[in-house]
Amino acid sequence: HPKTFEVTTLEELAATLDDGLEFPCAVKPVRSDLVRRELPDYETPKGRVVHSRAEMMAAAEPIVRIGLPVLLTEVIPGDEDQFCSYFTYIDQEGEPLFHFTKRKLRQYPPAFGTGTYHVTAWQPDVAELGLRFFQDLGLRGLAFVEFKRDGRDGQLKLIECNARFGLATSQVRRAGIDLPVLAYNRLTGRADPPLGRFRDGVHLWFPREDFKTYRQYRAAGQLSTTQWLLSLAHLQHTPVMAWDDPGPL
């Protein structure tokens, strides 16, 4: 997992560099909702990547000064498409009802944000490590865990775990595993829906957010307009659009 420190004072903030934290690192409020409320002018309550001591202090000091804790975490090197996730549902006996893995292709803001383009792809090592993580926790029910493949050694490093539905729920359903129906049926004593193998290559696209990502990559010289358009040359699914139910869109 990434090297991580939780700090609550300015003294602890300064000491993290002596304890082995290196730049670049990420500054992330423990309670982004409280930061939004208490510091409405704070630009990045979800978190930001910093590259120097001055940037770290500027990002963390306002939060610490109002008595809120901050996480300082190592940034795992590697391209955006090295983020990968494992989804499952653990039954009462601790057994998984299905295995599902996907990759995050882009996110906004780049390097440290929310996924804007995803694709389903079977990754056995991600599934094996994700299941072991859940079983060691003793988790029951629906959950997903995200890793990033470290560009230095190829190992999967823990990014986050969520015991809830996520933004990619519609993608999982379109790939063949209906998580909402599964959870509902489990809660109401109905039979499980079909839980066979999911389909690889199912894309989930957040158009507005991904366009913002593309513009930042293009400005940095990392993605041309042609490369962006070619990456979208697949059958696309969006979170709120369905031809048989266009109302939400």
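Everything here concerns the structure above.
Fair warning: this is a prediction, and the values are worked out from it, not measured in the lab.

J.: Sorry, what's going on with the overall build of the chain here?
T.: Tallying secondary structure elements over the chain gives eight helices and eleven strands in all. Scaling as 2.2 N^0.38, a compact globule of 249 residues should have a C-alpha radius of gyration of about 18 Å, and the chain matches this with 20 Å. Taking the principal axes of the C-alpha coordinates as reference, the chain spans close to 55 × 50 × 40 Å. Counting every atom, the chain has about 13,500 Å² of accessible surface; 52% of that belongs to carbon and sulfur. Counting 30 positive and 33 negative side-chain charges, the chain places the centres of these two groups 5 Å from one another.

J.: So what exactly am I meant to see when it comes to the sheet that holds strand β1 (residues 4-7) here?
T.: Pairing between the strands of a sheet comes from backbone hydrogen bonds, and it takes one of two forms, parallel or antiparallel. What the four strands build is an open sheet, ordered β1-β4-β2-β3; its pairing is antiparallel. Edge positions in the open sheet fall to β1 and β3 (48-50), since each of these has one partner strand only. Going across the sheet, the axis of each strand differs from the next one's by a mean of 25 degrees, ignoring polarity. Looking at chain direction, strand β2 (residues 25-29) and β3 are connected through three bridges and run antiparallel. Along β3, the bridge assignment pairs A26 with V49. Of the strands in this sheet, β1, β2, β3 and β4 (70-74) touch helix α3 (residues 53-65), which is tilted by about 135 degrees from β3.

J.: Even after reading the chapter, I still don't get a positive patch on the surface, so can you show me in this structure?
T.: A cluster of basic residues, K28, R36, K46 and R164, forms a positive patch on the protein surface. On the secondary structure map, R164 appears in the loop between β9 (156-162) and α5 (169-174).

J.: I tried to follow the packing of aromatic side chains on my own but got confused; where do I start?
T.: Aromatic ring pairs: the centre-centre distance and the angle between the two ring planes describe each pair. Summed over all chains, the structure comprises nine aromatic pairs. Geometrically, the ring pair formed by F133 and F134 is tilted, given 6.0 Å between the ring centres and 55 degrees between the ring planes. If you follow K104 out to its NZ or CZ, it ends over the ring of F83, 4.9 Å from the centre. Here the guanidinium or amino end of R197 rests over the ring plane of F198, the centre of that ring lying 5.6 Å away.

J.: What is the right way to look at the pairing of β2 in this model?
T.: It is a general feature of regular strands that their side chains alternate between the two faces of the sheet. Counting buried residues in β2 gives four out of five residues, a clear majority hidden from the surface. In this structure, β2 lies alongside β4, joined through five bridges in antiparallel fashion. Residue pairing for β4: P29 is matched across the bridge by V70.

J.: Would you mind showing me how to read the nonpolar core here?
T.: Formed by 20 residues in total, the largest nonpolar core has its most connected members in L13, V27, M56, I63, V70 and L72. Among the secondary structure elements, those contributing two or more residues to this core are β1, β2, α2 (32-38), α3 and β4. Here this core gets six residues from one element, more than from any other, and that element is α3. Residues contacting L13, with those up to four places away along its chain left out, are V7, M56, M57, A60, E61 and L72. Counting 17 residues, the second largest nonpolar core, distinct from the first, contains Y89, L97, A175 and L204.

J.: Looking at this structure, how should I read helix α7 (residues 207-219)?
T.: Each α-helix turn comprises 3.6 residues. Residues three or four places apart therefore point the same way. Taking 1.5 Å per residue as the helical rise, α7 with its 13 residues ought to reach 18 Å, and the 18 Å between its terminal C-alpha atoms agrees with that figure. Inspection of α7 places D210, T213, Y214 and Y217 among the buried residues, and these make up the whole buried set. Angularly, the buried residues of α7 cover 105 degrees about the axis, an arc narrow enough to put them on a single face. Structural note: α7 exposes R208 and A219 on the side pointing more than 90 degrees away from its buried face.

J.: Explanation requested: unusual backbone geometry in the structure shown.
T.: Trans is the prevailing form of peptide bonds, just as negative phi is the prevailing case for residues other than glycine. With omega at 0 degrees, the peptide bond leading from F23 into P24 counts as cis. Locating P24 in the fold gives a position in the loop between α1 (10-15) and β2. Following Y108, the chain continues to P109 via a peptide bond in cis, the omega torsion being -5 degrees. Take P109: it is sitting in the loop between β6 (100-108) and β7 (114-120).

Conventions adopted
Residues numbered from 1 in each chain as written. Predicted model: local features only at pLDDT ≥ 70, side-chain atom pairs only at ≥ 80, totals over all residues. Heavy atoms only, no water. Helix = DSSP H or I, 4+ residues; strand = E, 2+ residues; numbered from the N terminus. Rg over C-alpha atoms; globule rule 2.2 N^0.38 Å. Areas by Shrake-Rupley, 256 points an atom, 1.4 Å probe, with all protein chains shown as cover. Lys, Arg positive; Asp, Glu negative; His and termini not counted. Charge placed at Lys NZ, Arg CZ, Asp CG, Glu CD. Pairing = 2+ DSSP bridges. Axes fitted to C-alpha atoms, helices over the stretch in contact; angles between N-to-C directions. Contact = heavy atoms within 4.5 Å. Patch = residues over 30% accessible without salt bridge, like charges linked within 9 Å, V, L, I, M, F, W, Y side chains within 5 Å. Salt bridge = Lys/Arg side-chain N within 4 Å of Asp/Glu carboxyl O. Phe/Tyr/Trp six-rings, centres within 6.5 Å; stacked < 30°, edge-to-face > 60°. Lys NZ or Arg CZ within 6 Å of the ring centre and 35° of its normal. Buried < 20%, exposed > 50% of the residue type's maximum accessible area, 1.4 Å probe, protein only. Core = buried A, V, L, I, M, F, W, Y, C linked by side-chain atoms within 4.5 Å. Expected span 1.5 Å × (residues − 1). Arc of directions from axis to C-beta.

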